[in-house]
Amino acid sequence: MAVRIEKKIKGYAVVTPEDKAAAVKAEAVSRAQVEAELPVADVIQMHERIERPEVLIGSTYKIKSPLVEHAMYVTINDIVLNAGTDHEHRRPFEVFINSKSMEHFQWIVALTRIMSAVFRKGGDVTFLVEEMKAVFDPRGGYFKAGGVYMPSLVAELGMIIEDHLKSIGMMHDPEMSEHQRALIAEKRRAYETQQRSKKTEIGRRPGGAWQRRRPPRGHRSHRRRRIVPANRQHVPQVQHQGAGADGWVCDLLELWVQQVRVR
């Protein structure tokens, strides 16, 4: 492609490879100066890199959820820091999840690797609990043993992490104030008093509150009921006039009326 030069040429020079290298170096130096002036996020390393020991102390938890066919087993291994000193601490180092069901294998492997990396990084890892407990299943949650509602399977994993961190001392339940403790004690005393009064009232009743006394033997409720005319005065009086073919029929009717009266 031809380039037309409209201005006058005042001078020229031949660019050598050394000139090209010098130009590239100058451009790199200027770029480094510009990047140095930009704000940079400071990455803080929690502690030095710790190699995995040969033996770790761990705990295994079982999850039986109606969302999966087989049970899941969560194993959390801890590393002991400053062993044998007054500053000995247990910190989570890695987590494994195993199950016969291969339906959730991919996301389980990804989740365990990310959680293990966060554990090895150190620092405050308790934020994982709130993040995992805030995950909801679009198909709906379920109730585990004891009537505790779980919004998702990941949320139950978060509760297991929370229980484990509490067992090793990284998390603690919030302490109640004196006013809250006094209120709970008052409610407990009122409930126990109410239960004792109910038991006393039930004991005073003959046969208990929920027992029904049976009538004595020979009571009229045990007798067999008989059908009695509602008004005996309206029982028809049958009379026959003379003997004959209809006489014996009238006698039978009269005998039946007498039996009805007796009943």
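The model shown is predicted, which means the values in this text are computed figures rather than measured ones.

This paragraph deals with the environment of Thr-112. Its location among the elements puts Thr-112 in helix α2 (residues 105-121). For Thr-112 and Ile-97, which are 15 residues apart along the polypeptide, the C-alpha to C-alpha distance reads 7.1 Å. Residues contacting Thr-112, with those up to four places away along its chain left out, are Val-95, Phe-96 and Ile-97.

Attention shifts here to empty space enclosed by the protein. All told, the structure shown has one cavity of 30 Å³ or more when counted by the stated rule. The space that makes up the largest cavity amounts to roughly 30 Å³. Surrounding the largest cavity, Val-74, Val-95, Ile-97, Met-115, Met-132, Leu-157 and Ile-161 form its lining. When contributions to the lining of the largest cavity are tallied by element, the ones reaching two or more residues are β3 (89-99) and α4 (153-167). Along the lines of polarity and charge, the residues of the lining of the largest cavity split into seven nonpolar, no polar and no charged.

All right, on to the pattern of salt bridges then. The final tally for this structure, using the stated rule, is seven salt bridges. With a closest N to O distance of 2.6 Å, Asp-78 and Arg-90 form a salt bridge. Here the residue Asp-78 occupies a position in strand β2 (residues 72-81), and Arg-90 occupies one in strand β3, the gap between them amounting to 12 residues. With a relative accessible area of 1%, Asp-78 lands in the buried category.

A separate point is the nonpolar core. Ranked by internal contacts, the top residues of the largest apolar core, which has 25 residues, are Ile-63, Met-72, Val-74 and Leu-165. Elements represented by at least two residues in this core include exactly β2, β3, α2, α3 (127-133) and α4. At six residues, α4 tops the list of elements feeding residues into this core. Ignoring any residue separated from it by four or fewer positions in sequence, one finds Leu-165 in contact with Pro-92, Thr-126, Val-129, Met-170 and Met-171.

Attention now goes to the confidence of the model for the chain. Caution applies to low-pLDDT regions: their predicted coordinates should not be interpreted in detail. Looking at the chain as a whole, the pLDDT averages 76, with 73% of positions reaching at least 70. Confidence over residues 40-46 falls short of pLDDT 50; this stretch has four contacts with residues more than four positions distant or in other chains.

Taken in spatial order, the three strands of this open sheet run β1-β2-β3, and their pairing is antiparallel. With partners counted over all chains shown, the strands left at the sheet margins are β1 (57-63) and β3, one partner each. On average, each strand axis in the sheet is tilted by 20° relative to the strand beside it, whichever way the strands run. Along the sheet, α2 makes contact with β2 and β3, crossing β3 at roughly 175°.

Of the pairings in the sheet, the one linking β1 to β2 comprises seven bridges and is antiparallel in character. Note on β2: the bridge partner recorded for Lys-62 is Tyr-73. Sheet topology places β2 next to β3; 10 bridges connect them, and they run antiparallel. The residue of β3 that forms the bridge with Ile-79 is Arg-91.

The rules behind each value
Residues numbered from 1 in each chain as written. Predicted model: local features only at pLDDT ≥ 70, side-chain atom pairs only at ≥ 80, totals over all residues. Heavy atoms only, no water. Helix = DSSP H or I, 4+ residues; strand = E, 2+ residues; numbered from the N terminus. Contact = heavy atoms within 4.5 Å. 1 Å grid on protein atoms, 1.4 Å probe; cavity = no way out; pocket = protein on both sides within 12 Å on 5 of 7 lines; lining within 4 Å. Points joined across faces, edges and corners; volume = space filled by probe spheres on them. Nonpolar A, V, L, I, M, F, W, Y, C, P; charged D, E, K, R; others polar. Salt bridge = Lys/Arg side-chain N within 4 Å of Asp/Glu carboxyl O. Buried < 20%, exposed > 50% of the residue type's maximum accessible area, 1.4 Å probe, protein only. Core = buried A, V, L, I, M, F, W, Y, C linked by side-chain atoms within 4.5 Å. pLDDT = per-residue confidence, 0-100. Pairing = 2+ DSSP bridges. Axes fitted to C-alpha atoms, helices over the stretch in contact; angles between N-to-C directions.

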